[in-house]
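# Report on the structure
Chain residues, written in single-letter form:
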Amino acid sequence: MSDDAVPVGERRQLAPPVDDSGALGWMRRHLFSSWSNGITTVVLVVAIGWILSNFLEWAVFTANLTAATGSECRGGGACWALIREKYRYIFFGSFPYEQHWRPLFAVIAMLAMLVLSADRRMWNWRLLVIWGVGSFVTFLLMFGQIHIPLSLFLFVALAVGGIGMNLRKAIANTGEMNTYRALAAVGLVGLVLRIVGILPAWSLAIAPLSYVETSLWGGIPVTMILATYGLAFAFPYGVLLALGRRSNLPLIKGLCVGFIELIRGVPLISLLIMASVMLPLFLPSGTTIDKFLRAQVAVILFAGAYIAEVIRGGLQSLPKGQFEAADAMGLSYPQKTLLIILPQALRVVIPPLINTFIGFFKDTSLVLIIGIFDFLNTANQALVDPNWAGFPGEVYLFAAFIYFIFCFSMSRYSKYLEVELNKGTRR
Amino acid sequence: MAAKAARDLSNVASVIELRSVNKWFGQFHVLSDINLDVKEGEKIVICGPSGSGKSTLIRCINRLEEHQAGDIIVDGVTLSNDVKNIEAIRREVGMVFQSFNLFPHLTILDNLTLAPIWVKKTPKKEAEEIAMSLLNRVRIPEQALKYPGQLSGGQQQRVAIARALCMRPKIMLFDEPTSALDPEMVKEVLDVMIELAREGMTMLCVTHEMGFARAVADRVIFMDRGEIVEQNEPEEFFANPQNERTKLFLGQILHH
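Residues numbered from 1 in each chain as written. Chains lettered and ligands numbered in written order. Predicted model: local features only at pLDDT ≥ 70, side-chain atom pairs only at ≥ 80, totals over all residues. Heavy atoms only, no water.

So, on to the overall build of chain B. Summing up its helical and strand segments, chain B has 10 helices and 10 strands in all. At 18 Å, chain B has a C-alpha radius of gyration in line with the 18 Å of a compact globule built from 256 residues. The dimensions of chain B, computed from C-alpha atoms along their principal axes, are 55 × 45 × 40 Å. The burial tally for chain B puts 56% of its 256 residues in the buried class. For chain B, contacts bridging at least 24 residues in sequence account for 66% of all contacts bridging at least 6. (Helix = DSSP H or I, 4+ residues; strand = E, 2+ residues; numbered from the N terminus. Rg over C-alpha atoms; globule rule 2.2 N^0.38 Å. Buried < 20%, exposed > 50% of the residue type's maximum accessible area, 1.4 Å probe, protein only. Contact = heavy atoms within 4.5 Å.)

Residues spaced three or four apart along an α-helix point in a common direction, a consequence of the helix completing one turn every 3.6 residues. Residue and element names in this part refer to chain A. With 14 residues, helix 15 (residues 350-363) ought to run about 20 Å at 1.5 Å a step, and its terminal C-alpha atoms sit 19 Å apart, in line with that. All of the buried residues in helix 15 are Ile350, Leu353, Ile354, Thr356, Phe357, Ile358, Phe360 and Phe361. On its buried face, helix 15 sits against helix 9 (220-245), helix 12 (291-317), helix 14 (333-348) and helix 17 (392-421). (Expected span 1.5 Å × (residues − 1).)

On to the packing of aromatic side chains, then. Two aromatic rings, taken as a pair, are described by how far apart their centres are and by the angle between their planes. Residues and elements named next belong to chain A. Tallied over the entire structure, the rule returns 24 aromatic pairs over all chains. An angle of 65° between the planes, with centres 6.4 Å apart, marks the rings of Trp101 and Phe105 as edge-to-face. Residue Trp101 and its partner Phe105 are both found in helix 5 (residues 101-118); the two are separated by four residues, about one turn of the helix. Using a relative accessible area of 38% as the deciding quantity, one classes Trp101 as partly exposed. Each ring, one from Trp217 and one from Phe292, has its centre 5.3 Å from the other, and the planes form 65°; the classification is edge-to-face. On the criterion of sequence distance, the pair formed by Trp217 in the loop between strand 2 (203-206) and strand 3 (218-219) and Phe292 in helix 12 is long-range, its members being 75 residues apart. Cluster of aromatic residues (ring-pair linked, three or more members): Phe91, Phe92, Phe361, Phe375, Phe398, Tyr403 and Phe406. (Phe/Tyr/Trp six-rings, centres within 6.5 Å; stacked < 30°, edge-to-face > 60°.)

What follows covers the side chain of Glu176(B). As for its placement among the helices and strands, Glu176(B) is situated in the loop between strand 7 (171-175) and helix 7 (183-198). One polar contact links Glu176(B) to Ser179(B), side chain to side chain, over a distance of 2.8 Å. (Polar contact = N/O pair within 3.5 Å; in protein donor to acceptor, adjacent residues only side chain to side chain.)

All names here are of chain B. Spatially, 2-1-4-5 is the arrangement adopted by the four strands of the open sheet, whose pairing is antiparallel. Looking at strand neighbours, the two that pair on one side only are strand 2 (28-39) and strand 5 (77-78), the edges of this open sheet. In terms of strand pairing, strand 4 (residues 69-74) meets strand 5 through two bridges, oriented antiparallel. Within strand 5, the position partnered with Ile73 by the bridge is Thr78. In the packing of helix 2 (residues 54-61) onto the sheet, the strands contacted are strand 1 (14-25), strand 2 and strand 4, and the crossing angle to strand 1 comes to about 120°. (Pairing = 2+ DSSP bridges. Axes fitted to C-alpha atoms, helices over the stretch in contact; angles between N-to-C directions.)

A separate point is the nonpolar core. Across soluble globular proteins, nonpolar side chains show a tendency to be buried alongside one another. Ranked by internal contacts, the top residues of the largest apolar core, which has 129 residues, are Ile340(A), Leu18(B), Ile46(B) and Leu204(B). In terms of residue count, helix 9 of chain A provides more of this core than any other element does, 13 residues in total. (Core = buried A, V, L, I, M, F, W, Y, C linked by side-chain atoms within 4.5 Å.)

Residue and element names in this part refer to chain B. A positive phi is found at Phe100, a non-glycine position, where the angle reads about 65°. Of note, Phe100 is situated in the loop between strand 6 (93-96) and helix 4 (108-118). Here Phe100 falls in the buried class, since its relative accessible area comes to 12%. Of note, the phi angle at Glu176 is positive, near 45°, even though the residue is not glycine.

As a further point, take the sheet that holds strand 10 (residues 227-232) of chain B. Residues and elements named next belong to chain B. A sheet is described by the order of its strands in space; here six strands give the open sequence 6-7-8-3-9-10, paired in mixed fashion. Where the open sheet ends on each side, the last strands, each with one partner, are strand 6 and strand 10. For this sheet, the mean angle separating the axes of adjacent strands, direction not counted, is 20°.

Moving on to the interface of chain B and chain A. Taken together, the 26 residues of chain B in the interface contact 23 residues of chain A. Of the roughly 2100 Å² buried where chain B meets chain A, counting both sides, 63% is carbon and sulfur surface. Three residues, Arg90(B), Phe103(B) and His105(B), lead the burial of chain B against chain A; their summed loss comes to 26% of the area buried on that side. Here Arg59(B) makes a salt bridge to Glu324(A), at a shortest N to O gap of 2.6 Å. One can count seven residue pairs in polar contact (both at pLDDT 80 or more) joining chain B with chain A. Mapped by element, the contributors of at least two residues to the side of chain B that touches chain A are helix 3 (83-92), strand 6, helix 4 and helix 6 (153-165) of chain B. (Buried area = accessible area lost by both parts, 1.4 Å probe. Salt bridge = Lys/Arg side-chain N within 4 Å of Asp/Glu carboxyl O.)

Our focus in this paragraph is the pattern of salt bridges. All told, the structure shown has 26 salt bridges over all chains when counted by the stated rule. For Glu309(A), the salt bridge is made with Arg264(A), and the minimal N-O distance between the two is 3.7 Å. One end of the pair, Glu309(A), is in helix 12; the other, Arg264(A), is in helix 10 (residues 250-264), with 45 residues separating them in the sequence. For Glu309(A), a relative accessible area of 16% gives the class buried. A salt bridge links Glu128(B) to Lys124(B), with the shortest nitrogen-to-oxygen separation between them at 3.5 Å. Separated by four residues within a single helix, Glu128(B) and Lys124(B) lie in helix 5 (residues 124-137), roughly one turn from each other. On the basis of relative accessible area, Lys124(B) is assigned to the exposed category, the value being 54%. What you see here is one network of salt bridges that share partners, running through Arg245(A), Glu261(A), Arg264(A), Glu309(A) and Arg312(A).

Before going further, it helps to examine the confidence of the model for chain A. Scored by pLDDT, chain A has a mean of 87; 97% of the residues are at 70 or more. Within chain A, helix 13 (residues 320-328) of chain A carries the highest mean pLDDT (94), whereas helix 3 (residues 70-73) of chain A carries the lowest (78). (pLDDT = per-residue confidence, 0-100.)

What follows covers a positive patch on the surface. All names here are of chain B. Together, Lys84, Arg91, Lys120 and Arg168 line one region of the surface with positive charge. As for its position among the elements, Lys84 is in helix 3. Classification of Lys84 by relative accessible area gives exposed; the value is 64%. (Patch = residues over 30% accessible without salt bridge, like charges linked within 9 Å, V, L, I, M, F, W, Y side chains within 5 Å. Areas by Shrake-Rupley, 256 points an atom, 1.4 Å probe, with all protein chains shown as cover. Lys, Arg positive; Asp, Glu negative; His and termini not counted. Charge placed at Lys NZ, Arg CZ, Asp CG, Glu CD.)

Dropping the structure here:
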């Protein structure tokens, strides 16, 4: 090089070589670098092309979109007319037909709630508002009527007062503290009176629409509610289980380990059947718990155990020094856990965590075992119509496509989260 | 240096007292009958071969390790299993680790303000002012908004010192603060520690930096097999080691 004469330490810094070989050069290097590589490329391209052309032939070019009955569809390609005919049932199940706008808007409300909470800037008190409003709208639309019992109001007052008193002890002024104290006192006294029976079983009725019971719910709202609320409750529950499993207190540790191992040791289906068939046997006669709610609780318990194990992996990956540094500063256990440990542990486990979420989104379809009409089950039921018998491929492909949209979105979100949360912290 | 060595600490109150402290790791007797008085403003360097219990000793002082027998009294509070007691002591005792242990998910500034805001309930603005003045003191204010992973080892350790100082501790514990550093970064950390020592902080340092010991220590303690074998003023300690084990150890680390 001409720089040879320049003494060491004063050489100019060179730019790396630029790749200027273009598309052909790229192909030669990556697809046809050797005989075997070239043959593999050709074989794979031909195979993919053959499969794709056959599929498109069936799904697009010879497809029937307009047939009025199943028999008109026969012989040709895909019978998408079946989906056109049945999509309302597949999406919303047995929900009263003329009221289908309600589950539609419920789904939109839930989607809006999920999209909003995906944004990191919302991860504060806003999250509570989003989920409060979103859930209220969703269930008001689905049920049509909501009765809020007095005890719930009292409980919320007690909780807000209690949390406020503890968390804002050092920051709040006297007026604010008195408000918390008053709230907590009213809530506590009210709850006691309610339990003793002095306060009546009053409830606030919000009833703008006709009541639709959960046994009529079906389709996509059912799948979304089971998955969304299943995971929303299972996540904090799983975090607590994971922390409990690492606790120094033998009783708490034992309970958590026992629960996790017990739940992981049985199939979800058996848990669902237990919740649906066996639980009512143990309840005092006269009390009933909604079947949908029982399935929901079973999903939460099951998902919680799995999430706990994923999060435990994250907790174990943290160096001991992080715990010691937090301890040495005088942080209390909750402060250490919330400010130092969990933010780091959860970051580490985003990929396996979302993997678990995706798995559970699909596992909600197992509720069909106990006769709940989730999305896959309503798709299944659409095949029962004798007028349209014989097109399972179309229906399952359609269901698979909808599931794919949800799961792929979660997968992409996982990717985004990883990048977003590791900004700046990467070496 | 002669003036320092002559400093009379006999009338000064003790801030740390260890009375017959014993500790075992399983069957291994890691601290055996340790007695130690640390006066206010005293700087102590603890050295000894690896596994001699020196890190365990200072980690017992802020209860990162639990001792099994004897008493440890820090600033008038006797260490016990009472969480309130432990947290009170930890507020008064700052600690710097060999591996820095900064929180990688927080910016430098957030690392510094975390404990003052959450433990001492200092208003955020005030905590940030204190943090910035300390970052100035360790000479890296321009790094305040970066993350620990973006800093060099020496810078990270200086941040760790500033973080411990943010709580305005009475006592600072250093657990081999320069052992994990590249050689060219040792000096920048030692300079900060020397400055801190000159300002009168009570310091316990586990270190093999004998230059540092000579420059600031009031007392050098040599530990081996869980015992305090020998302790003396640095001049005497290095010039006239009494115990055979001390001589052997000094011979090994000073042979260059």
